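Here are the chains, one letter per residue:
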Amino acid sequence: MSNIQYVGMTVANMEQSIKFYTEVLSFQKIKDLEVAGDDWSKLQGIFGLRMRVVQMQLGSEMIVLMEYLTPQGRPIPVDSRSNDRWFQHIAIAVKDMDKAYQHLRQYNVKHTSTSPQTLPENLKSAGVEAFYFKDPDGHNLELITFPPDKGDPKWLKETDQLFLGIDHSAVGVKDAQASFGLYRDRLKLELAAEVENYGSEFEHVTCVFGSRIHVNSLKGSEGIGFELLEYIAPTDGKNMPVDSRACDLWHYQTVISVNDLASLEQELRSAPCQFISPGIVKMSSNELGFSQALSIKDLDGHVLHLVAE
């Protein structure tokens, strides 16, 4: 089984992003480096790139921020909505939703949700509290709390920390069953749960009127969870731009470690995905935790980096 290590995202101003994630969300910077060269150009699918890459840690989980010194990409469209297929978010587990929300308000964080919502009793996800918001570049983030009968037990442990760690990342997909051909059948992620979320409270979470989502929760052998969000309604979400590049600010890359990268590469040649890198790329250093990597897009254009340690 594969292991979802972390999610990376492209930012416009690294110092601004570091300040936001450390001050607002209690992340700690653990690595800060600059990368360039043919290996990174092949992996990211961009010729002549130079990037500043910063690893940030919260609890036992991590994200990676990437600022392109060259070339620079496009901002996230201002009319983006939660049902657009370029949607991806990182869900941060918190100890106390009310306190976390008030903390965010002190920093004038941009809302997506109207306010934190508790999902009602008629849903399988009853009792979960959720709030969507944005970082300075417009990347989607979520605060989430779980009742005692749901979620990872580690989020229920006694602690003085308000922001606990990263529970999952979620992506918008057009057809979850079609997406299983990559995520479940090739990458061997286990389908851990399926729920359908809808109703007034959920509409106020997504800020999409009439939203009804089929949520497919996938898990690797360890690491964060990964959700495929298929909007049953409304169905007018926009597709990922076909000319998307890793330097565009809506770019996320989900890093997944696999047991046998060479065998998987051959299998993926006939899988429902598109190669970004020409094949397996041997990295000039393993400063970011992997020596070889393969870059692909899923059916909806979400980028995955499959890595061998």
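See above for the structure.
Residues numbered from 1 in each chain as written. Predicted model: local features only at pLDDT ≥ 70, side-chain atom pairs only at ≥ 80, totals over all residues. Heavy atoms only, no water.

Caption draft 1: Just the layout of surface pockets, in detail. The calculated volume of the largest pocket comes to roughly 850 Å³. For the largest pocket, the lining is made up of 44 residues, of which Phe 146, Asp 167, His 168, Ser 217 and Glu 227 are closest to its centre. Here the lining of the largest pocket takes five residues from strand E12 (residues 212–219), the largest share from any one element. Computed from the structure, the second largest pocket encloses a volume of approximately 220 Å³. If you trace the second largest pocket, you find 21 residues lining it, with Arg 245, Ala 246, His 251, Lys 297 and Val 303 closest to the centre. Listing elements by their share of the lining of the second largest pocket, those giving two or more residues are helix H2 (38–44), strand E14 (252–257), strand E17 (292–297) and strand E18 (303–308). When its residues are assigned to classes, the lining of the second largest pocket shows nine nonpolar, 10 polar and two charged. (1 Å grid on protein atoms, 1.4 Å probe; cavity = no way out; pocket = protein on both sides within 12 Å on 5 of 7 lines; lining within 4 Å. Points joined across faces, edges and corners; volume = space filled by probe spheres on them. Helix = DSSP H or I, 4+ residues; strand = E, 2+ residues; numbered from the N terminus. Nonpolar A, V, L, I, M, F, W, Y, C, P; charged D, E, K, R; others polar.)

Caption draft 2: How the structure looks around the pairing of E12. In terms of burial, E12 is a largely internal element, six of the eight residues being buried. In this sheet, E12 lies alongside strand E11 (residues 190–197) in antiparallel orientation, the contact comprising seven bridges. By the bridge assignment, Val 195 is partnered in E12 with Val 215. With seven bridges connecting them, E12 and strand E13 (residues 225–233) associate as antiparallel partners. Bridge pairing in E13 places His 214 opposite Glu 230. Joining the antiparallel neighbours E12 and E13 is a turn of five residues, in which Gly 223 adopts a positive phi near 90 degrees. (Buried < 20%, exposed > 50% of the residue type's maximum accessible area, 1.4 Å probe, protein only. Pairing = 2+ DSSP bridges.)

Caption draft 3: The arrangement of the environment of Met 56 in detail. Here Met 56 lies in strand E3 (residues 50–58). A residue is classified by how much of its surface remains accessible, and Met 56, at 0% relative accessible area, is buried. A sequence separation of 125 residues divides Met 56 from Gly 181, and the C-alpha atoms of the two residues are 31 Å apart. For Met 56, the contacting residues outside a window of four places in its chain are Ile 18, Tyr 21, Thr 22, Phe 27, Gln 28, Lys 29, Ile 30, Glu 61, Met 62, Ile 63 and Leu 65. (Contact = heavy atoms within 4.5 Å.)

Caption draft 4: A look at the packing of aromatic side chains. Inspection of the entire model under this criterion finds seven aromatic pairs. Ring pairing ties together the aromatic residues Phe 20, Tyr 21 and Phe 27, which thus form one cluster. Note that Arg 269 overlies the ring of Phe 275, its terminal NZ or CZ placed 3.9 Å from the centroid. (Phe/Tyr/Trp six-rings, centres within 6.5 Å; stacked < 30°, edge-to-face > 60°. Lys NZ or Arg CZ within 6 Å of the ring centre and 35° of its normal.)

Caption draft 5: How the structure looks around the nonpolar core. Tyr 21, Leu 25, Leu 143, Leu 268 and Leu 306 are the most contacted members of the largest nonpolar core, which totals 56 residues. One finds Leu 33, Leu 43, Met 66 and Phe 290 within the second-largest nonpolar core, a separate group that totals 22 residues. (Core = buried A, V, L, I, M, F, W, Y, C linked by side-chain atoms within 4.5 Å.)

Caption draft 6: Main features of empty space enclosed by the protein. Overall, the coordinates contain two cavities of 30 Å³ or more when judged by the stated rule. Tyr 6, Trp 40, Met 51, Val 53, Val 64, Met 66, Gln 253, Val 255, Leu 288, Phe 290 and His 305 are the residues that line the largest cavity. Counting only elements with at least two residues in the lining of the largest cavity, the list comes to E3, strand E4 (61–70) and E14. Partitioned by chemical class, the residues of the lining of the largest cavity number nine nonpolar, two polar and no charged. In this structure, the second largest cavity spans a volume of roughly 50 Å³. In this structure, the second largest cavity is lined by Ile 76, Ser 80, Trp 86, Gly 138, His 139, Asn 140, Trp 250 and Tyr 252. Looking at the lining of the second largest cavity residue by residue, the class counts come to four nonpolar, four polar and no charged.

Keep in mind that these numbers describe shape and distance, not what the molecule does.
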